[in-house]
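Residues per chain are reported as follows:
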Amino acid sequence: MLFPLPSSVAEPLRVAITGAGIVSSLGVGWKTNAHGFRAGRAGFRPVSLFDVSRHRVRRAAEVDLPLELPSTRLKPHHAGRLDRAGRMLLLAAEEAWRQAGWEPGNDIPLILGTTAGGMAMGETYFCRAQSIRGRSSGQATRAVHYQPQVQGRMVADALGFNGLISVLSNACASGSNAIGQAWKVIRQGQAKRVVAGGYDALSQLVFSGFDALQALSPTICRPFDAHRDGLALGEGAAVLTLEPLEDARRRGAVILGEIIGYSSAIDQHHLTQPHPQGDTALAVMRQACEMARITPDQIDYVNAHGTGTMLNDSAEAMAISRWAGAHAPALPVSSTKAGIGHLLGAAGAVEAVVCLMALREQWLPMQAAFESPDPACLFPIVRAPRDARVAHALSNSFGFGGVNATLVLRRWP
Amino acid sequence: MSHVYVAGLGAVSPAGWGVASTCKAVCLGSPLADQQLERPGWGKLLRARLVPNPPQRPAFLAHPRLRRASPITHYAAAAALEAWSRPRSLQSGPLQIGVVACLQAGCVNYSCRFFGETLKDPQTASPLLFPETVYAAPASHVTALLENVAVTYTLVGDPGCYLEGIALAAQWLAEKLVDVCIVFGAEETNWILADALRHLDGTASLAAGAGALCLCRDPGLSMGVELAAITDAHTYSAERTRADSARAMRRQLPSSSSSELLCDGRGTGVQVNAPETAAWGDWRGMRLSPKRVLGEGLMAGAAWQCVIACEALAGGQADAANVSIVGSNQQAIGARFLRTPVAEPAMDPSQKCEVRT
């Protein structure tokens, strides 16, 4: 039953990550992405998915999807209904599932974050409905399959599990919220296994929206740079498998890391603008660290939300500087959006996997595009490939509408 | 066991603005009249049941955040504020509020308008519209209207997702993350949504509006209704049909008695309803089917089911109420509410509706 809730465990359970899958413009899979993030590669190119000839900005971080999907339980005609977003989600989920070595089963919740789901399919529906008088070939399928919960069902079918499917759409914090919610479910003993992540594909509507807002950088996305001029959009997916640490140890699973803290709160300042002092961002970083029972000086790396817009980065820089206090000058920070763009609903999940890579492989994800720091940055930006001791990492995600979320991850062992 | 109570209700529907008009229409049982929507470039008209204009302009529309908000936000705000009005009047000190927004189609009006502008000329597409297209916009605006909001989530799914939202709110209350939590389901109509529904259930009339429950931990804020249970989410899969899921959901809720109400999710389509009709074939208690009166409100429809069930309990029309949702493409899920003693009269008795069996 979803209510009453199962009796809470006496002590909150420790939560292990035993599988991680990632798709970004740097490639498909952990290895390719880790190599790219470590080297500070950038995955931007002219947009080819739709016509941008009349747009102000014409570049984004597109994913090169493989022609074939991995072999799963999904029947070919069902797999054929997956759009670009669904295919990225499946690729990431399959990698995580395989890595975890999980067997199919029931009662495995799937918690996803997305802002647009199958928006591209919705766009096709719109265009066909306007252009074809009365003909409706394929429209019923589009009407169903653009919905994110249906994409979630396809992934569950593909991997052979069943359970509650939750889709969180808290704008650009969605991916972090999905992972945070999954963490709470395991920690409170409400499930033994959870699949969680985020995904979003580039779509014409969303690209045009950010272009219309003049939020896209016409040059190079340079988060926290004093001369930054906007964000760059990307697409991708990341999925984690979470389970109680003790269960993972008992079955001899490879433990990639632990999630130890999470917080989410709402910034009521404005629909699209953060509080200029970063008050809510500061609050969620503090709360997540309190929950993790660590202090800022124990954090070895911050993966910032760092979109590259004037307002976000100055507010976040204020928040990180205030939160870190005296530790700020020694706190490495980077925004991997400089390399793969802003992945919206996937951003928090992908960035959690980037933190996991840093924790597991002991390097700092570098931010190639950066020249001179915003005056609010009292912390250093990681500007060159660098090995480092990383025991704890913190990831920030802030969304349109004001939802702020922070995750704290710990190296294992 | 954590106790969760219903502190307030809110609704906007094609029957009007407020719980009273929605409940009254459902209790009368006559389907509301359809209006017609034009699909661009298509001769035939599409059916929909629109929300009538409010008798007077709601005061909350003066809030600067709502100047450009779309109808879905107006409906959500009206329902949420109505649900919040009762506990707000009873609170002895500031309460930490949670907000869970549940949507299926979401902000279709501005999405279509903005995308249409983009296709014509992206250089003149309105930047004011785009932020209102995101699923998170209604929750953000509602949060701005309320005070002391600690946490806000937007959930997307088929109508069963509304009960997921209730379960999430119950979790936040149990964690003491919030003192009260407003859970709203909201939708708006436009031609594209009516067209999509035509493909999936040709008999249905699309409906717009919102419904909201305000849940609390403090029995002193209760309107005499307690949340007793939410079943598992019986998700459809390659191996589990809607009928299988509906039966599994039914098995998790008690058998009927004459003093209990079933508020089901059946609309007008016999085929679409078949799994739910079969699952509840044993039901002998009172029964309401709000969609048959109000139309297919998607997530708002699920919220109306809960509002109507809770209102019937608060009004003493039943001792317990089951809510059954056999969603369109995700899950079958049910809830059970109980009538409990109340510290003070819940609502004006003249606004109570008589439940028909």
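What you see is a predicted model; the values in this text were computed from it and never measured.

What counts as what
- Per-chain numbering applies: the sequence of each chain, read as written, is numbered from 1 onward.
- As a convention, the first chain written is A and the first ligand written is 1, with the rest following in written order.
- The predicted origin of the model limits local features to residues at a pLDDT of at least 70 and limits the giving and counting of side-chain atom pairs to 80 or more, whereas totals for whole chains, interfaces and linings rest on all residues.
- As a rule here, side-chain values come from all non-hydrogen atoms in the structure, and water together with hydrogens is ignored.
- To obtain each axis, a line is fitted to C-alpha atoms, and for helices this fit is confined to the stretch in contact; angles are then taken between N-to-C directions over 0 to 180 degrees.
- By definition, any uninterrupted DSSP run of H or I lasting at least four residues is a helix, any uninterrupted run of E lasting at least two residues is a strand, and each is numbered from the N terminus.
- Rotating anticlockwise by less than a right angle from the far helix to the near helix defines a left-handed crossing, while the corresponding clockwise rotation defines a right-handed one.
- In this analysis, two residues are considered to be in contact whenever any of their non-hydrogen atoms come within 4.5 Å of each other.
- Under the grouping applied here, Gly and all other residues not named as nonpolar or charged are polar, the nonpolar ones being Ala, Val, Leu, Ile, Met, Phe, Trp, Tyr, Cys and Pro and the charged ones Asp, Glu, Lys and Arg.
- Whether two strands pair comes down to DSSP finding at least two bridges between them.
- For this analysis, a nonpolar core means a set of buried residues of the types Ala, Val, Leu, Ile, Met, Phe, Trp, Tyr and Cys, connected via side-chain atoms within 4.5 Å.
- Each residue is placed in one exposure class: buried if its accessible area under a 1.4 Å probe, protein chains only, is under 20% of its type's maximum, exposed if it is over 50%, and partly exposed if it falls in between.
- Here a polar contact is taken to be a pair of N or O atoms separated by no more than 3.5 Å, where protein atoms must pair a possible hydrogen donor with a possible acceptor and residues adjacent in sequence count only if both atoms sit in side chains.

Asks: An account of the packing of helix H3 (residues 84-100) of chain A against helix H6 (residues 148-159) of chain A is requested, with residue identities and associated values reported.
Replies: Residues and elements named next belong to chain A. In the contact formed by H3 and H6, the axes pass within 10 Å of each other and the chain directions differ by 35 degrees. At the point where H3 passes H6, the crossing takes the right-handed sense. Contact residues: Ala85, Gly86, Leu89, Leu90, Ala93, Glu94 and Trp97 in H3; Gln151, Val155, Ala158 and Leu159 in H6. A breakdown of the residues in the contact of H3 with H6 according to their chemical character gives 8 nonpolar, 2 polar and 1 charged.

Asks: Just give me the short version of the sheet that holds strand S3 (residues 35-38) of chain B, but keep the residues and values in it.
Replies: All names here are of chain B. An order of S3-S4-S8 is seen for the 3 strands of this open sheet, with the pairing classed as mixed. The open sheet terminates on both sides in strands that have one partner only, identified here as S3 and strand S8 (206-207). Relative to S8, strand S4 (residues 45-49) runs parallel, the two sharing 2 bridges. Of the residues in S8, the one forming a bridge with Ala48 is Leu206. Strands in contact with helix H6 (residues 191-200) are S3, S4 and S8; relative to S4, the strand with the most contacts, it is inclined by about 100 degrees.

Asks: Can you break down the nonpolar core residue by residue, with the values?
Replies: By size, the foremost hydrophobic cluster in this structure holds 238 residues, and its most contacted members are Phe210 of chain A together with Tyr162, Leu213, Ile230 and Phe337 of chain B. Counting residues per element, this core draws most heavily on helix H10 (residues 299-314) of chain B, which supplies 13 residues. Residues in contact with Phe337 of chain B, not counting those within four places in the same chain, are Val6, Leu213, Val225, Glu226, Leu227, Ala228, Cys306, Cys310, Leu313, Ala320, Ala321 and Val323 of chain B. Counting 28 residues, the second largest nonpolar core, distinct from the first, contains Leu282, Met285, Ala324 and Ile381 of chain A.

Asks: Which residues make up the environment of Trp183 of chain A, and what values go with them?
Replies: Residue and element names in this part refer to chain A. Topologically, Trp183 is positioned in helix H7 (residues 174-187). C-alpha separation for the pair Trp183 and Thr406, spaced 223 residues apart in sequence, amounts to 12 Å. Apart from the residues within four sequence positions on either side, Trp183 is in contact with Val15, Leu242, Ile259, Ile260, Gly261, Tyr262 and Met291. One polar contact links the side chain of Trp183 to the main-chain carbonyl oxygen of Ile259, over a distance of 2.9 Å.

Asks: Requested: an account of the pairing of S4 of chain B, with residues and values cited.
Replies: All names here are of chain B. In this structure, S3 lies alongside S4, joined through 4 bridges in antiparallel fashion. Pairing of Gln36 across the sheet is with Arg47, part of S4. The antiparallel hairpin formed by S3 and S4 contains 6 residues in its connecting segment, where Gly41 sits at a positive phi of about 75 degrees.

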